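Structural features, examined
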Amino acid sequence: MQTHNAAFDHDEAGLVARVSRLTKSYGAGSNAISALDGVSIGIRRGEFTAIMGPSGSGKSTLMHIMAGLDTATSGQAWLGNTEITSLRDEDLTILRRRRVGFVFQSFNLVPTLDVSGNILLPFELDGRRPARDEGEWIDRLIDSLGLRDRLRHRPHELSGGQQQRVAIARALATRPDLVFADEPTGNLDSRTSREVLSLLAASSTDYGQSIAMVTHDPIAASYADRILFLADGRVVEERGRSTAEEISSFMLGMEKAA
Amino acid sequence: MRREMREHVPSVLVATLSAAFGVSLLEITAVLGQIIAADDVTGRSKTVGILLGIVAFVFIVISIYVGAIVTANTFATIIAGRTRTIALLRLIGSSAASQRRGVAHEGLTVGILGAVLGVVSGTAVTVVVVTIATATRFVPSLPYTFVEPVVLLPAVAVVLTTWLASWVGSRRVLLVSPIQATGGAVEKSRDEVSGRRGRNVTAVVLFSVGAGLLGLGVLVGLVNPGGVLIGLVGGILSFTGLVLGAHLVMPPALRLTGRMFGSSATARLAAENAVRYPERSSRTTIGLVIGVTLITMFAVAVASYQQMILAAQRSQPEAYQGVDQTLAITVGVFSVLMGFSALIAAIGMVNNLSLSVLQRTRELGLLRALGFTARQVRRMILAESAQLTVAAVLVGLVLGVFYGWAGAQSLLGSIHGSPGLIVPAVPLLLIGIVVAGAAVLTLVASIAPSRRATRVAPVAALAVD
Ligand SMILES: Nc1ncnc2c1ncn2[C@@H]1O[C@H](COP(=O)(O)OP(=O)(O)OP(=O)(O)O)[C@@H](O)[C@H]1O
Ligand SMILES: [Mg+2]
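Report follows, based on the coordinates. Everything numeric here is computed off the predicted structure, so don't read it as measured data. (Residues numbered from 1 in each chain as written. Chains lettered and ligands numbered in written order. Predicted model: local features only at pLDDT ≥ 70, side-chain atom pairs only at ≥ 80, totals over all residues. Heavy atoms only, no water.)

The next thing to look at is the overall build of chain A. A count of helices and strands for chain A gives 8 helices and 10 strands. For 258 residues, the compact-globule estimate of 2.2 N^0.38 gives 18 Å, and chain A sits close to it at 18 Å. Each principal axis of the C-alpha atoms in chain A carries an extent, and together these give about 50 × 40 × 35 Å. The buried share of chain A, reckoned over its 258 residues, is 55%. Carbon and sulfur atoms form 47% of the exposed surface of chain A, whose accessible area is close to 11000 Å². (Helix = DSSP H or I, 4+ residues; strand = E, 2+ residues; numbered from the N terminus. Rg over C-alpha atoms; globule rule 2.2 N^0.38 Å. Buried < 20%, exposed > 50% of the residue type's maximum accessible area, 1.4 Å probe, protein only. Areas by Shrake-Rupley, 256 points an atom, 1.4 Å probe, with all protein chains shown as cover.)

Pairing of side chains with opposite charge becomes possible as their charged atoms draw close. Residues and elements named next belong to chain A. Tallied over the entire structure, the rule returns 26 salt bridges over all chains. A salt bridge links D133 to R175, with the nearest nitrogen and oxygen atoms 3.5 Å apart. Here D133 is found in helix 4 (residues 132-144), whereas its partner R175 is found in the loop between helix 5 (160-173) and strand 7 (178-182), with 42 residues between them in sequence. Judged by its relative accessible area of 42%, R175 falls in the partly exposed class. One network of salt bridges, in which partners are shared, links R97, R98, D126, R128 and E134. (Salt bridge = Lys/Arg side-chain N within 4 Å of Asp/Glu carboxyl O.)

Bringing the sheet that holds strand 6 (residues 100-103) of chain A into the picture now. Strand pairs in the sheet, formed through backbone hydrogen bonds, run parallel or antiparallel to each other. All names here are of chain A. Taken together, the 6 strands give an open sheet; going across it, the order is 6-7-8-3-9-10, and neighbouring strands pair in mixed fashion. Two strands bound the open sheet, and with one partner strand each, they are strand 6 and strand 10 (234-240). Here the average twist between neighbouring strands, direction ignored, is 20 degrees. The pairing of strand 3 (residues 48-52) with strand 9 (residues 226-231) spans 4 bridges and is classified as parallel. Within strand 9, the position partnered with M52 by the bridge is F229. Across the sheet, helix 5 touches strand 6 and strand 7, and the angle it forms with strand 6 is around 175 degrees. (Pairing = 2+ DSSP bridges. Axes fitted to C-alpha atoms, helices over the stretch in contact; angles between N-to-C directions. Contact = heavy atoms within 4.5 Å.)

Attention now moves to the environment of B:V336. Tracing the backbone shows B:V336 in helix 14 (residues 323-358). Between the C-alpha atom of B:V336 and that of B:I431, which follows or precedes it by 95 residues, the distance is 16 Å.

A few words now on the packing of aromatic side chains. Across all of its chains, the model carries 8 aromatic pairs over all chains by this definition. Relative to B:Y403, the ring of B:F402 lies with its centre 5.7 Å away and its plane at 55 degrees, an arrangement referred to as tilted. Overall, B:F402 belongs to the partly exposed group, its relative accessible area being 39%. Looking at B:Y403, the relative accessible area reads 7%, which means it is buried. Members of the aromatic cluster, each reached through a chain of ring pairs, are B:F239, B:F402, B:Y403 and B:W405. Here the basic side chain of A:R18 rests over the ring of A:W78, its NZ or CZ set 4.3 Å away from the ring centre. Looking at B:R100, its charged tip hangs above the ring of B:W167, at a distance of 3.8 Å from the centre. (Phe/Tyr/Trp six-rings, centres within 6.5 Å; stacked < 30°, edge-to-face > 60°. Lys NZ or Arg CZ within 6 Å of the ring centre and 35° of its normal.)

For the rest of this paragraph, the subject is the nonpolar core. Residues and elements named next belong to chain B. Counting 65 residues, the largest nonpolar core has V66 and I290 as its most contacted members. If you count residues domain by domain, this core takes at least three from each of domain 1 (1-176) and domain 2 (192-465). Discounting residues that sit within four places of it in the chain, V66 has contacts with I290, L294, S341, I344 and A345. (Core = buried A, V, L, I, M, F, W, Y, C linked by side-chain atoms within 4.5 Å. Domains from an automatic or database assignment.)

Tallying the contact residues gives 25 residues for chain A and 26 residues for chain B. Taken together, the two surfaces of chain A and chain B that pack against each other cover about 2600 Å², and 61% of this comes from carbon and sulfur. The largest contributions to the chain A side of the interface with chain B come from A:F107, A:T112 and A:L125, which together make up 24% of the buried area. Remark: the boundary between chain A and chain B carries 2 salt bridges. A:D89 is the partner of B:R368 in a salt bridge, and the nearest nitrogen-oxygen pair spans 2.9 Å. Scanning the region where chain A abuts chain B turns up 8 residue pairs in polar contact (both at pLDDT 80 or more). (Buried area = accessible area lost by both parts, 1.4 Å probe. Polar contact = N/O pair within 3.5 Å; in protein donor to acceptor, adjacent residues only side chain to side chain.)

Here we take up the side chain of A:Q164. All names here are of chain A. One can find Q164 in helix 5. Judged by relative accessible area, which is 4%, Q164 ranks as buried. Apart from residues lying up to four places away in sequence, Q164 is in contact with V103, F104, Q105, N108, P184, L188 and V196.

Moving on: the pairing of strand 3 of chain A. Residue and element names in this part refer to chain A. Buried residues dominate strand 3, accounting for 5 of its 5 residues. What you see with strand 3 is no split at all: F48, A50 and M52 on one side and T49 and I51 on the other are buried throughout. Relative to strand 8 (residues 211-214), strand 3 runs parallel, the two being bridged by 4 bridges. Directly across from F48, in strand 8, lies its bridge partner I211.

The subject of this paragraph is the packing of helix 4 of chain A against helix 5 of chain A. All names here are of chain A. Contact pair helix 4 / helix 5: the axes reach a minimum separation of 10 Å and the direction vectors enclose 160 degrees. With respect to their mutual orientation, helix 4 and helix 5 come out roughly antiparallel. Pair helix 4 / helix 5 crosses with right-handed handedness. Along the contact surface, helix 4 presents W137, I138 and L141, while helix 5 presents A169, L172 and A173. (Parallel < 35°, antiparallel > 145°, perpendicular 65-115°, else oblique. Left-handed = near helix turned anticlockwise from the far one by under 90°.)

We now examine the site of ligand 1. Residues and elements named next belong to chain A. Neighbouring residues of ligand 1: 13 residues in total, closest S55, G56, K59, S60 and T61. Here an oxygen atom of ligand 1 sits 2.8 Å away from a polar atom, N or O, in the main chain of G56. At 3.0 Å from an oxygen atom of ligand 1 is found a main-chain nitrogen or oxygen belonging to G58. For the shell around ligand 1, the secondary-structure elements that each account for two or more residues are strand 2 (33-44) and helix 1 (59-66). The element contributing the most residues to the shell around ligand 1 is helix 1, with 3 residues. (Near = heavy atom within 4 Å.)

That's the geometry; what it means functionally is another story.
Shown next as structure tokens:
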């Protein structure tokens, strides 16, 4: 599955994912909407990256293509050194299963499975049980996320914040190359949001987990090591770690310019 | 509105089939009556005509009963899928009662549509059959009248039962609370379902009393053929108990069959899907259970009946002359008539499975996003379908063998030369047909849902509807 690109080695460059001149348009003719318009970015290994931008700027679209959930109109996307825009559906599926983790805004969990079933689902799909060290890792996740006494509960018996924590446990369980999170705190109150964001940030600093998170919220973005700003399907700015105030004022400036 | 009517297409089909069956059967009975009346020998005897009428009536009632149960379950499934919408309407001030009236209104429309289509297609079938029969000189050509007022009876019955079924099936509208508009609405889990005391007690009491009466019928039958009447009452009571308590009976059967499919992720998820929502899986399977029970009951009754008559014939040959041929013909005709009810039950199961898959679009999208391949999704749905079919068929076979045996035993236990209590005779041909039918049904039932499911894009899980 590894297609080596002689011109560019992502591992050497410290990138876990990259897209190049990515475009995505919906519809045709005069109705065509361009959701992404030549986006080129790299996500660094071991970093917590936030992708920000106004509503409709193409954040979710970008994330879906990078995660192999959706196809691009043109351009390329890599996960590690694997070029994913040319993969068949079956290979993409297996790539998602083994090398990518997801946390969505809502509806993250399979309602028929209990908490433990949901966390172990990626292994189940691969037709295997977690190996010994993976089992220990999962145990640690369950404890640090405070899910130990909830393992036999089903999703509808959990609060929104608890459900998100289960989703995080599942996303981290396979120690994927990259975890994608699309507005993971969109449905949560501010205290629970802080909890969930700290967990994501900690998994990046403590365990070197690479994370790409889409968000509207300057406070959420302030937990990230790096922030990419999107507007009208283009990358307009890139910043290092910033405070919520700095991010807000930049966003306001962007809105004024538009 | 268009989507709402599309959901009802299978219910219209069920209503149409029930009505067409009833109409056509009555018309053909009437034609047979005219042939008999025209015949010099049999014409004077009224008995044959009356007997024909009774038989037609029994089969029409059975097919309408099965149709009504299937429709009620289909409506319940549709309502389950609409929970969010209903809750939203409740949230902005619509009353549960008016919502339910709306659903019943849809049921009435379905019933009327099905009845009209049924009268037309049923009459068309009769005309074709009779035309072919006269053309081949199989029956004399007389000036037959097809459409008599009496054929409207099954049509009206179908309208009323469909309406009633939609009313019964929409009961859960009342359970939808406005708050469900905000969260992910889930169907009741096993614990909650088992907690519904009143219904469970009724089911158990009905079943026990019915089973007791059945046993009594068999014992009385050893000395008096009137035992069959006691047995009939017992059968109806105990079976109604079973239908009411399906959510208690089906999950164990499903868990048992679930083990047959191994422990891969697909199989386990399929098994979980079938077991976790007993209400949903009972709804999907109960129609088929009834269908298989009816067929089996009938076949076993006839085989046991045959066995007893033959035993009696051996001991008293002169009393039972020429009985073999009559038996064979009766068995053939009755099997076809019974098969029709099973067909309606099968349609109900296919439809319920499709609906329940359709309602799980987001869940399937999530599984695809997390790494379920399209093939795994297809296999999961096939396994789910197989599990439901196998469980329904097993339960139906067991019940059918028991009821069929009880029927034959209580009717014939006391005839001349009867061997007394017998072991139920289970025709192997029947088992073969039922198993083959179940296999076909499993495949058919999974085609549409799995095609739809594999078309679900992984991003569908993320769409906030
Ligand atoms: N399936 C679709 N069909 C047509 N247009 C679409 C589709 N999905 C997205 N779009 C359009 O593409 C653009 C980018 O959408 P996207 O969902 O990526 O925005 P976003 O930045 O995630 O917005 P939000 O913050 O509101 O979630 C929008 O203009 C949207 O209307
Ligand atoms: Mg978005």
